[in-house]
Amino acid sequence: MIIIWTFMPSYLVTGGSGQLGQCFHAVAKESPAINLFFTSRNEVDITRSETLANFYSKNPFDGIINCAAYTNVDQAEKEEESAFKINTEGLRNLIDFAEEKKLSIIHFSTDYVFDGNSSEPYPEEAATNPIGIYGNSKLKGEVHLSKSSCKNVTIRISWLFSPFGKNFVKTIAHLVKDKKELKVVDDQWGRPTYGIDLARTVLKLLSNDTLHTFPILHYANQGVCNWKVFADAIVNELECKTIIQGISTSAYPTLAKRPNYSILNTERIEKELGVTIPTWQESLKKCIQILKNDGSF
């Protein structure tokens with residue numbers, strides 16, 4: 001009898017109970033050749049290195065998919081220390097561990113590393129200039145990772161939505177239950193990113209070993225919109241009669257300043273790595289159908 005051993009790589013998914021971590025959980029079965037360990041902050045807290053070492057001693061893994069992050073953009077302006085502790089120092093802990101154990105890291109960053117003053121989509125090599133604490137904390141993490149000796153890739157995403165956690169789609173969907181009219185900003189432009197499409201793409205690129213071809217990748221769904229257009233589409237999919245009124249950013253002050261234009265150029269992942277990205281409208285339909293099926297709406 002000839003026994004053929006096949007190597008199945010294992011990856012630790014930090015922040016497994018967060019929005020993006022749950023997206024990976026939703027599509028994990030589609031990639032049976034990859035073993036994923038999903039951990040909540042109670043099991044692996046990236047700001048506490050010992051929790052990482054303890055988990056690894058019982059469940060060795062070959063790489064880390066870092067979905068742990070401080071993502072409350074406005075709150076970060078008041079909790080600068082917490083934002084940097086998770087988004088910068090936490091990532092540095094993962095880097096130190098990965099270098100020691102010779103592991104790879106897949107990390108997610110944000111369009112908020114850009115200042116929004118461009119008039120053309122941002123390619124990966126565009127100059128960064130964050131205008132808030134959140135963007136700064138994510139950029140510092142990116143820089144640490146770029147200087148590390150471990151195999152790594154940073155994937156920048158924008159306007160993340162999914163059936164999980166807190167996000168714009170779910171917020172609007174809840175509000176339209178009781179509101180006949182909503183005011184939504186119409187002068188900030190970007191590309192929504194469906195978390196399930198993103199997770200599926202990452203696992204596919206991991207499976208064919210092309211994910212680490214470039215140090216930085218941009219991923220967002222096809223199509224550009226502002227927040228009002230996005231909200232209109234959500235209302236239409238839910239078949240609600242709520243009226244969305246467009247307002248300027250200046251009429252809706254927030255603690256954190258946001259880039260007015262943060263459209264990511266995704267040609268690298270499409271042309272160089274052969275990834276086909278659905279439109280955000282297609283993926284919004286799928287997202288809302290899942291929410292309806294779950295009885296959320």
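Everything numeric here is computed off the predicted structure, so don't read it as measured data.

J.: Go over empty space enclosed by the protein with me, naming the residues and quoting the values.
T.: On inspection of all chains with the given rule, the structure shows one cavity of 30 Å³ or more. Roughly 40 Å³ of volume is contained in the largest cavity. As for the largest cavity, its lining consists of V73, Y112, I131, G132, Y134, G135, A256, K257 and P259. Tallied by class, residues from the lining of the largest cavity come to six nonpolar, two polar and one charged.

J.: Tell me about the side chain of R191, and please be specific about residues and values.
T.: Mapped onto the elements of the fold, R191 is located in the loop between β8 (189-190) and β9 (193-194). Within the buried core, R191 has no salt-bridge partner, and the shortest N-O distance to an opposite charge, that of E270, equals 4.8 Å. There is a polar contact of 2.9 Å between the side chain of R191 and the backbone oxygen of A220. Among the polar contacts listed, one links the side chain of R191 to the side chain of T266, at a separation of 3.1 Å.

J.: Just give me the short version of the sheet that holds strand β1 (residues 10-14), but keep the residues and values in it.
T.: Reading across the sheet, the six strands line up as β2-β1-β3-β4-β5-β10 and stay open at both edges, with parallel pairing between neighbours. Pairing within the sheet leaves two strands with one partner each, and these edge strands are β2 (35-38) and β10 (216-218). Within this sheet the neighbouring strands show an average axis-to-axis angle of 25 degrees, counted without direction. Taken together, the six bridges between strand β4 (residues 104-110) and strand β5 (residues 152-157) define a ladder with parallel strand orientation. Looking at β5, one finds that H107 is bridged to T154.

J.: Pulling in residues and values, what's your account of the pattern of salt bridges?
T.: In the structure shown here, the tally under the stated rule is twelve salt bridges. Here E50 and R48 are joined by a salt bridge, their closest N and O atoms 3.2 Å apart. Accessibility expressed as a relative area gives 41% for E50, which makes it partly exposed. Relative accessible area serves as the criterion here: at 40%, R48 is assigned to the partly exposed category. Among the ionic pairs, E267 bridges to K271, the shortest N-O distance being 3.7 Å.

J.: Can you tell me about helix α6 (residues 168-175), naming the residues and giving the values?
T.: Among all positions of α6, only V169, K170, I172 and A173 are buried. Along the long axis of α6, the arc covered by the buried residues comes to 165 degrees, so they all point the same way. Lining the buried residues of α6 we find β6 (160-161), β7 (181-185), α8 (227-237) and α10 (280-293). One side-chain oxygen at the N-terminal end of α6 lies 3.2 Å from the backbone nitrogen of V169; it belongs to N167.

Thresholds applied
Residues numbered from 1 in each chain as written. Predicted model: local features only at pLDDT ≥ 70, side-chain atom pairs only at ≥ 80, totals over all residues. Heavy atoms only, no water. 1 Å grid on protein atoms, 1.4 Å probe; cavity = no way out; pocket = protein on both sides within 12 Å on 5 of 7 lines; lining within 4 Å. Points joined across faces, edges and corners; volume = space filled by probe spheres on them. Nonpolar A, V, L, I, M, F, W, Y, C, P; charged D, E, K, R; others polar. Helix = DSSP H or I, 4+ residues; strand = E, 2+ residues; numbered from the N terminus. Buried < 20%, exposed > 50% of the residue type's maximum accessible area, 1.4 Å probe, protein only. Lys, Arg positive; Asp, Glu negative; His and termini not counted. Salt bridge = Lys/Arg side-chain N within 4 Å of Asp/Glu carboxyl O. Polar contact = N/O pair within 3.5 Å; in protein donor to acceptor, adjacent residues only side chain to side chain. Pairing = 2+ DSSP bridges. Axes fitted to C-alpha atoms, helices over the stretch in contact; angles between N-to-C directions. Arc of directions from axis to C-beta. Contact = heavy atoms within 4.5 Å.

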